[in-house]
Amino acid sequence: TAESIVAWAAHPANRRFADRLRDAGLTWQHKPADRPSGPLAGVTMLITGSLGEMRRLEAESRLRSLGVKIASRMSKSVDHLIVGADPGSKLDRARKLGTPIHDETWLLDVLEHERIPEPA
């Protein structure tokens, strides 16, 4: 791998390209990801289906502001699945995994009180 990088960098056109990337703000330094903060930091959720009260992007944004990580797919790392209308296969997968499944009313309660409600 190192030999390939050296060979690539030996070409003047590639060095100019790298210079343009650097001038545009690209950095090759690793920056550790910011740790989420907020009352729900460390919780992972996924929304599937259509919501009635708000758009999914708004719900996800509000959850992120509370420290929630939004998953892109259903997996065992998802702590809560929020289900709207026409949820699709994510609901079936959540059932198989034993993931807690909630409706939009639960989501609205989470957003209003900034906490996970105690199970009934």
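Just above sits the structure.
Remember, it's a predicted structure, so these values are computed and weren't measured experimentally.

Undergrad: Can you help me understand the pairing of strand 1 (residues 44-48) in this one?
TA: Most of strand 1 is tucked away, with five of its five residues classed as buried. Of the two faces of strand 1, the one lined by Thr-44, Leu-46 and Thr-48 and the one lined by Met-45 and Ile-47 are each fully buried. The sheet contact formed by strand 1 and strand 2 (residues 69-70) spans two bridges and is parallel. Within the sheet, the bridge partner assigned to Thr-44 lies in strand 2 and is Lys-69. Traced from strand 1 through helix 3 (residues 56-65) to strand 2, the parallel crossover comes out right-handed. As judged from the four bridges shared by strand 1 and strand 3 (residues 80-83), these two strands associate in the parallel manner.

Undergrad: Explanation requested: the nonpolar core in the structure shown.
TA: Core analysis: the biggest nonpolar cluster contains 16 residues, and Met-45, Leu-63, Ile-82 and Leu-107 have the highest contact counts within it. Elements that contribute at least two residues to this core include exactly strand 1, helix 3 and helix 5 (104-113). Per element, the largest residue contribution to this core is four residues, and it comes from helix 5. Apart from the residues within four sequence positions on either side, Leu-63 is in contact with Met-45, Ile-47, Val-68, Ile-70, Ile-82, Leu-107, Val-110 and Leu-111. Counting eight residues, the second largest nonpolar core, distinct from the first, contains Met-74, Val-78, Leu-91 and Ala-94.

Undergrad: Can you walk me through the sheet that holds strand 2 in this structure?
TA: Pairing between the strands of a sheet is mediated by backbone hydrogen bonds and can be parallel or antiparallel. With parallel pairing, four strands are arranged side by side in an open sheet as 2-1-3-4. Of all the strands in the sheet, just strand 2 and strand 4 (101-102) have a single pairing partner and so form its edges. Here helix 3 sits on the sheet in contact with strand 1, strand 2 and strand 3, set at roughly 170° to strand 1. Each of strand 1, strand 3 and strand 4 touches helix 4 (residues 89-97); the most contacted strand, strand 3, lies at about 145° to it.

Undergrad: Explain helix 5 to me, please; I cannot follow it from the model alone.
TA: Three- or four-residue spacings in an α-helix give side chains the same orientation, since the helix completes a turn every 3.6 residues. Restricting attention to buried positions, one finds in helix 5 the residues Glu-104, Trp-106, Leu-107, Val-110 and Leu-111. Buried residues of helix 5, seen end-on, are gathered within an arc of 155° and therefore sit on one face of the element. Of the residues in helix 5, the exposed ones pointing more than 90 degrees away from the buried face are Thr-105 and Glu-112. Buried residues in helix 5 make contact with strand 1, helix 3, strand 3 and strand 4. The N-cap of helix 5, judged by a side-chain oxygen 3.2 Å from the amide nitrogen of Thr-105 a few residues on, is Asp-103. Glu-114 occupies a position one or two residues after helix 5 and carries a positive phi of about 55°.

Rules of the game
Residues numbered from 1 in each chain as written. Predicted model: local features only at pLDDT ≥ 70, side-chain atom pairs only at ≥ 80, totals over all residues. Heavy atoms only, no water. Buried < 20%, exposed > 50% of the residue type's maximum accessible area, 1.4 Å probe, protein only. Helix = DSSP H or I, 4+ residues; strand = E, 2+ residues; numbered from the N terminus. Pairing = 2+ DSSP bridges. Right-handed = clockwise from strand over helix to strand, strands pointing away. Core = buried A, V, L, I, M, F, W, Y, C linked by side-chain atoms within 4.5 Å. Contact = heavy atoms within 4.5 Å. Axes fitted to C-alpha atoms, helices over the stretch in contact; angles between N-to-C directions. Arc of directions from axis to C-beta. Polar contact = N/O pair within 3.5 Å; in protein donor to acceptor, adjacent residues only side chain to side chain.

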